[in-house]
Amino acid sequence: QVQLVESGGGLVQPGGSLRLSCAASGRIFRINGMCWYRQAPGKQRELVAYITVGGITNYADFVKGRFTISRDNAKNTVYLQMSSLKPEDTAVYYCNAGIWRLGAPYESAYWGQGTQVTVSS
């Protein structure tokens, strides 16, 4: 099987920084696109940032200039560096990846379990 495990969430003051990590493990042949979503209480899950296997990135307008997504293909890991955090960034952050398992005929989408980020003074 394949697992995505996030880490790095926590409580931070407004203006602070956090770095989230998401590591994929299991019988993996190839990981394609990787991304971060977030879901605040009472709101729908929304896409935060996306990165292709070649390193091309795309961001939601509400995080442009503040968040940076990156990946280490050798470690099957995607990162989200978050800076200038605001209270409205408070949410559970989830990673998502398109993964081709060994022996599988096609790619499937996998989700991590989520990590809480709380921005508060």
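Here, residues in each chain are numbered from 1, in the same order as that chain's written sequence. Predicted model: local features are reported for residues with pLDDT of at least 70 only, side-chain atom pairs are reported and counted for 80 or more only, and whole-chain, interface and lining totals are derived from all residues. The side-chain figures draw on all heavy atoms in the structure; neither hydrogens nor water molecules are used.

Things to note about the overall build of the protein chain
Move 1: For helices the rule is a DSSP run of H or I covering at least 4 residues; for strands it is a run of E covering at least 2, with both sets numbered from the N terminus onward. Scanning the protein chain for helices and strands turns up 0 helices and 11 strands.
Move 2: For the protein chain, the sequential pattern of α-helices and β-strands runs β-β-β-β-β-β-β-β-β-β-β.
Move 3: Compactness check: the protein chain gives a C-alpha radius of gyration of 14 Å against a globular reference of 14 Å for 121 residues, within 12% of the reference.
Move 4: The buried label applies to any residue whose accessible area, calculated with a 1.4 Å probe on protein chains only, is under 20% of its type's maximum; exposed applies above 50%, and partly exposed to all values in between. Split into buried and exposed, the 121 residues of the protein chain put 41% on the buried side.
Move 5: In what follows, residue pairs with any heavy atoms lying within 4.5 Å of each other are defined as contacts. Considering only intrachain contacts with a sequence separation of at least 6, the fraction spanning at least 24 residues in the protein chain is 56%.
Move 6: Only the protein chains shown count as cover for residues, and all accessible areas are computed by the Shrake-Rupley method using a 1.4 Å probe. Accessible surface computed for the protein chain: about 6500 Å², of which carbon and sulfur atoms make up 49%.
Move 7: In this charge count, Lys and Arg are treated as positive and Asp and Glu as negative; neither His nor the chain ends contribute. All charge positions are set by atom: Lys at NZ, Arg at CZ, Asp at CG, Glu at CD. Across the protein chain, the 12 positively charged side chains and the 7 negatively charged ones have centroids separated by 5 Å. Both definitions apply: the radius of gyration is a C-alpha atom measure, and the globule rule equals 2.2 Å times residues to the power 0.38.

Brief notes about the sheet that holds strand β1 (residues 2-7)
Move 1: Sheet architecture is open: 4 strands sit in the order β1-β3-β8-β7, paired in antiparallel fashion. In the strand order of this sheet, the two ends are held by β1 and β7 (67-72), each with one partner. When strand polarity is set aside, the average angle formed by the axes of neighbouring strands in this sheet is 15 degrees.
Move 2: Strands were regarded as paired on the criterion that DSSP finds at least two bridges between them. When β1 meets strand β3 (residues 18-26), the two strands line up antiparallel, connected through 6 bridges. Its bridge partner being in β3, E6 is matched across the sheet by C22. Lines are fitted to the C-alpha atoms to define the axes, a helix being fitted only along its stretch in contact, and any angle between axes, read from their N-to-C directions, falls within 0 to 180 degrees.

Focus on the pattern of salt bridges
Move 1: Each salt bridge in this description consists of a side-chain nitrogen of Lys or Arg and a carboxyl oxygen of Asp or Glu lying within 4 Å of one another. Following the criterion strictly, the structure yields 4 salt bridges and no others.
Move 2: A salt bridge links D89 to R66, with the nearest nitrogen and oxygen atoms 2.7 Å apart. Placement of the pair is D89 in the loop between β8 (77-82) and β9 (91-101) and R66 in the loop between β6 (57-59) and β7, with a sequence separation of 23 residues.
Move 3: Linked by salt bridges that have partners in common, R38, E46, R66 and D89 make up one network.

What about the packing of aromatic side chains?
Move 1: Stacked, tilted and edge-to-face pairs are distinguished by plane angle, under 30 degrees for stacked and over 60 for edge-to-face with tilted covering the rest, among Phe, Tyr and Trp rings (Trp via its six-membered ring) whose centres lie within 6.5 Å. What the rule picks out here adds up to 3 aromatic pairs.
Move 2: Summarising the aromatic geometry, the rings of F29 and W100 are spaced 6.2 Å apart at their centres and angled 80 degrees between planes, so their arrangement reads as edge-to-face. Pair noted here: F29 is in strand β4 (residues 28-39) and W100 is in strand β9, with a separation of 71 residues, a long-range link.
Move 3: Its relative accessible area of 29% is what places W100 among the partly exposed residues.
Move 4: Look at Y37 and W111: their rings are 5.0 Å apart centre to centre, the planes differ by 55 degrees, and that puts the pair in the tilted class. On the criterion of sequence distance, the pair formed by Y37 in strand β4 and W111 in strand β10 (residues 108-111) is long-range, its members being 74 residues apart.
Move 5: Taking the relative accessible area as the measure of exposure, W111 reaches 39% and is therefore partly exposed.
Move 6: Joined through ring pairs, the aromatic side chains of Y37, Y94 and W111 make up one cluster.

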